[in-house]
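Analysis of the macromolecular model
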Amino acid sequence: MAPTAVYYHPRFLEHDTGHHPESPDRLVACRRALLAGDLELEWIEPDPAPLADIERVHAPAYVREVRDMAADGGGHLDWDTAVSPASFEAATLAAGAGVLAVDRAVADAGAAFLLVRPPGHHALRDRGMGFCLFNNIAVAAAHALAVGGVQRVLIVDWDVHHGNGTQDAFYDDDRVLFVSMHQHGHYPGTGDAAEVGSGRGAGYTVNVPLPAGAGDAAAEAVFDALVEPLARAYRPQLVLVSAGFDSRRGDPLGGLAFSGPVYAWMASRLCSLARESAAGGPVCFLEGGYETALLADSVVSTVDGLQHEVPRPEAGMERAVEAAVTTTVRALSPYWDGALT
Ligand SMILES: [Zn+2]
């Protein structure tokens, strides 16, 4: 078994958000837990992404706004999204980690985990929000499409919040199949099952808003009914994950109830699916997760699932979860010619 690549840079700790749940302590705890385990890891320090890579997804004027705000001593992009003097460099390094990881995943098909901050999946083309400056996973996917010889990317987002920025970046594009499971009605308010993509991208955005309290059975049902059949029909060449762990039971900002082992199981399922279609990855991008001990445990679980096949956690299905998944299957089945039943 080849070691799992973990992308990390000490400058990520210098993105200073003040007294805030998205703090440097999150990465410190994850790094310590990964180093303490018996996982085989290859630690890689990324370079900053070239601005041209970031500007495939973000407006140049917005990129300049973040750079200038950092250079002028910092500020806020919205009420909860801070920019400090080191934030621009940290954000370009986080985006650079995705670009490098995708290049390597496409070349050697290996799995990777990006221990990065600031997170990315809420960042829109011309606006940061929800603790996110640049959309790391969207920048990486756009890079793979532009120069990696890739035409089909699967992105799975298991953060408790809807990955609105990623959805927006590829809403009318059939080269990215985006599947997000998230808590219904939670920040940022988007991600209804009826949002399925538009134009050429119709059928390539998949949203499963889950009822509060949904646990492992929900994650398993989303994989059984959507992720696995869609991946087999789509045959992605690259698999990316917005790995947010605020969907874990006990997270202070979330109301879902996933367990540590279910992240390992999802990661190991995505490894199998990537192998089936000879795809690179999975490349997992850290998004949310705000209780540091639970976060660190979830990250170790995920990396474990990238390295070993792990059993499916036993979980009892609830009616409300079943109904949510069925609603999404019904919304998507017209686009997938019998692949969804
Ligand atoms: Zn989140």
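Anyway, here's the lowdown on the structure attached to this text. (Residues numbered from 1 in each chain as written. Predicted model: local features only at pLDDT ≥ 70, side-chain atom pairs only at ≥ 80, totals over all residues.)

Quick word on the sheet that holds strand β2 (residues 41-44)
Taken together, the 8 strands give an open sheet; going across it, the order is β2-β1-β5-β10-β9-β6-β7-β8, and neighbouring strands pair in parallel fashion. At either end of the open sheet lies a strand with only one pairing partner, and these are β2 and β8 (205-210). Geometrically, the sheet is characterised by an average inter-axis angle of 15° between neighbouring strands, direction not taken into account. The pairing of strand β1 (residues 4-7) with strand β5 (residues 112-114) spans 3 bridges and is parallel. Across the sheet, the residue bridging to Val6 is Phe113, located in β5. (Pairing = 2+ DSSP bridges. Helix = DSSP H or I, 4+ residues; strand = E, 2+ residues; numbered from the N terminus. Axes fitted to C-alpha atoms, helices over the stretch in contact; angles between N-to-C directions.)

Description of the nonpolar core
With 118 residues, the main nonpolar core has Tyr7, Ala101, Leu114, Ala141 and Leu240 as its most contacted residues. Among the elements that make up this core, the one with the highest residue count is helix α4 (residues 87-108) (13 residues). (Core = buried A, V, L, I, M, F, W, Y, C linked by C-beta atoms within 7 Å. Buried ≥ 20, exposed ≤ 12 C-beta atoms within 10 Å, placed from the backbone.)

What to know about α4
Between its first and last C-alpha, α4 extends 31 Å over 22 residues, near the 32 Å set by a 1.5 Å rise per residue. Burial of α4 is extensive: 17 of the 22 residues sit out of reach of the surface. Positive phi appears at Ala109, one or two residues downstream of α4, with a value of about 65°. (Expected span 1.5 Å × (residues − 1).)

Digging into the pairing of strand β7 (residues 176-183)
Among the 8 residues that make up β7, 8 are buried, leaving the element largely enclosed by the rest of the structure. Summarising the sheet, strand β6 (residues 153-157) and β7 pair through 5 bridges and their orientation is parallel. Within β7, the position partnered with Val156 by the bridge is Val179. In this region the chain leaves β6, passes through helix α6 (residues 164-169) and returns to the parallel neighbour β7; the handedness of that crossover is right-handed. When β7 meets β8, the two strands line up parallel, connected through 6 bridges. Pairing of Val179 across the sheet is with Val206, part of β8. (Right-handed = clockwise from strand over helix to strand, strands pointing away.)

Topic: the environment of Leu93
One can find Leu93 in helix α4. You can call Leu93 buried: it has 25 C-beta atoms within 10 Å. Each C-alpha atom, one on Leu93 and one on Val208, is 31 Å from the other, the two residues being 115 residues apart in sequence. Apart from the residues within four sequence positions on either side, Leu93 is in contact with His9, Arg11, Phe12, Pro46 and Pro48. (Contact = placed C-beta atoms within 7 Å.)

Some points on unusual backbone geometry
Peptide bonds are trans in most cases, and residues, glycine excluded, mostly fall at negative phi. Cis geometry is adopted by the peptide bond preceding Pro188, which originates at Tyr187 and carries an omega value of 0°. With respect to the element layout, Pro188 can be found in the loop between β7 and β8. The omega torsion of the bond from Gly281 to Pro282 falls at 0°, within 30 degrees of zero and hence cis. Among the structural elements, Pro282 can be located in strand β10 (residues 280-286). Unlike most non-glycine residues, Phe131 shows phi in positive territory, near 70°. For Phe131, the position within the fold is in the loop between β5 and α5 (136-147). The buried category is assigned to Phe131, around which 27 C-beta atoms lie within 10 Å.

Some points on the pairing of strand β9 (residues 238-243)
Each regular strand shows side chains that alternate between the opposite faces of the sheet. Among the 6 residues that make up β9, 6 are buried, leaving the element largely enclosed by the rest of the structure. On β9, burial covers both faces: Leu238, Leu240 and Ser242 on one face and Val239, Val241 and Ala243 on the other are all buried. Across 5 bridges, β6 lies against β9 in parallel orientation. Following the sheet pairing, Asp157 is matched in β9 by Ser242. Bridge analysis of β9 against β10 gives 5 bridges, and the strand direction is parallel. Each bridged residue has a counterpart across the sheet, and for Leu240 the counterpart in β10 is Val283. Following the backbone out of β9, through helix α8 (residues 260-276) and into the adjacent parallel β10, one traces a crossover that is right-handed.

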